[in-house]
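Each chain is listed here by its residues.
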Amino acid sequence: MFTKLGKKITSIFTNKKLDDSMLEELEEILITADISYDITERLINTIKKQKFGKDVKDTEIKEILKEELLKIISPYQEEFIIDDKEKPFSIIMIGVNGSGKTTTIGKLANKYTKENKSVSVIACDTFRIAATEQLADWVKEANAKLISKENANPSGLAYDGYNKAKAENDDIVLIDTAGRLANNESLMAELEKIIKTIKKINTNAPNKTILVLDGNGGQNSLLQMEKFSQNIKIDGFIITKTEGSSKSGFIISLIEKYKKPIYFITDGEQIEDIKNFSPDTFLNTLLEL
Ligand SMILES: Nc1nc2c(ncn2[C@@H]2O[C@H](COP(=O)(O)OP(=O)(O)OP(=O)(O)O)[C@@H](O)[C@H]2O)c(=O)[nH]1
Ligand SMILES: [Mg+2]
């Protein structure tokens, strides 16, 4: 899972006195992992202040990095809680094409049916028949209920689907949407309409609007958030495909800049491959501590 910087860092700090060239090497490693330039500079300065000219072990450096990075990301982390006063608790997944929305909906549906919750999934990606079929397979595996309609318009289907889930007293309703680029105005308008339409039934809906980001996206993921959040209020993120990701440093600047939590990460193509995001575990993995 995620980039591993630990071995690279260890190779620089072999019980020598900390000098400028070691700091330069460290800086390069951090930037290569897509930790932003700003944050990298701050980290280097902190380490320089505390340790310049002193004997340093790799573990001491890693501990300082961890402490500083935890200070950045922990304040915004929050657990993903299903409020049972909201019935159904509604979750909409948005993001660019292929980021992992449909797959992640399957995983979440499965997680919650395993917790004995009743879950409906609305197939609002009505552009491609294949999209509904893909979702239907996941929903079946998850033992959830699919709400779909051929050639439906997405907001109409969302409205009917939400009402259906409500009538069936479901605990959770998940809404899948088609992938889109945030600069596509008509597709963005459609997304806004889906949200506005279900708000007519319940002003709190959707209870969570989640931007799904590919873990390999690097700094480009920050641009996606920048654009999507201009039109839509985003509550938090799910980061997918983290098992092979080599640019996961972007997560740190993403959280710092937008002050939103990462609700889950996914790390594989099986239905169980979804986990809560833990800053501590993330940083231990990143730094190989
Ligand atoms: N390795 C890996 N692959 C994943 C993960 N999540 C999703 N994928 C794969 O990524 C590809 C795209 O996933 P989808 O769920 O279809 O993405 P989407 O956002 O719904 O795509 P569109 O509907 O086209 O916008 C599929 O091949 C998935 O199997 C993950 O955590 N790890
Ligand atoms: Mg999809």
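Calculation criteria
Residues numbered from 1 in each chain as written. Chains lettered and ligands numbered in written order. Predicted model: local features only at pLDDT ≥ 70, side-chain atom pairs only at ≥ 80, totals over all residues. Helix = DSSP H or I, 4+ residues; strand = E, 2+ residues; numbered from the N terminus. Rg over C-alpha atoms; globule rule 2.2 N^0.38 Å. Buried ≥ 20, exposed ≤ 12 C-beta atoms within 10 Å, placed from the backbone. Contact = placed C-beta atoms within 7 Å. Core = buried A, V, L, I, M, F, W, Y, C linked by C-beta atoms within 7 Å. Domains from an automatic or database assignment. Nonpolar A, V, L, I, M, F, W, Y, C, P; charged D, E, K, R; others polar. Near = placed C-beta within 6 Å. Pairing = 2+ DSSP bridges. Axes fitted to C-alpha atoms, helices over the stretch in contact; angles between N-to-C directions.

Counting its regular elements, the protein chain contains 11 helices and 10 strands. For 289 residues, the compact-globule formula gives about 19 Å, and the C-alpha radius of gyration of the protein chain, at 21 Å, lands near that figure. Over its C-alpha atoms, taken along the principal directions, the protein chain stretches across nearly 70 × 40 × 35 Å. Looking at the 289 residues of the protein chain, the share that counts as buried comes to 42%. For the protein chain, the share of sequence-separated contacts (at least 6 apart) that also reach a separation of at least 24 residues comes to 79%.

Turning to the nonpolar core, a few remarks are in order. Core analysis: the largest hydrophobic core is formed by 73 residues, its most contacted members being Ala 109, Val 121, Ile 122, Leu 174, Ile 175 and Phe 237. No fewer than three residues from each of domain 1 (6-76) and domain 2 (89-278) sit in this core. Ignoring sequence-local partners within four residues, the contact set of Ala 109 consists of Val 119, Val 121, Trp 138, Val 139, Ala 142, Ala 144 and Leu 174.

When the domains of the protein chain are assigned, the result is domain 1 (6-76) and domain 2 (89-278). Here domain 1 and domain 2 have C-alpha centroids that lie 36 Å from each other. The partner domain 2 presents 13 residues to the 10 residues of domain 1 that form the contact. A per-class count over the side of domain 1 that touches domain 2 returns eight nonpolar, one polar and one charged.

All right, on to the environment of Leu 26 then. Relative to the assigned elements, Leu 26 resides in helix 2 (residues 20-32). For the pair Leu 26 and Pro 206, spaced 180 residues apart in the sequence, the C-alpha separation amounts to 43 Å. When neighbours within four sequence positions are excluded, Leu 26 is seen to be in contact with Ile 9, Ile 12 and Ile 44.

We now examine the site of ligand 1. Close contacts around ligand 1 come from 20 residues, with Lys 101, Thr 102, Thr 103, Gly 179 and Thr 266 the closest. When residues in the shell around ligand 1 are grouped by element, the largest group, three residues, is from helix 5 (residues 101-114). Of the residues contributing to the shell around ligand 1, the split by class is two nonpolar, 11 polar and seven charged.

Strand order in the open sheet made by the eight strands is 5-4-6-3-7-8-9-10, with mixed pairing throughout. Two strands bound the open sheet, and with one partner strand each, they are strand 5 (145-147) and strand 10 (274-276). Within the sheet, the average angular offset between the axes of one strand and its neighbour, ignoring direction, is 25°. Direction of pairing for strand 3 (residues 89-94) relative to strand 6 (residues 172-176): parallel, over a ladder of four bridges. Within strand 6, the position partnered with Phe 89 by the bridge is Ile 172. Relative to strand 6, helix 5 is tilted by about 170°, and along the sheet it contacts strand 3, strand 4 (119-123), strand 6, strand 7 (208-214), strand 8 (236-240), strand 9 (262-266) and strand 10.

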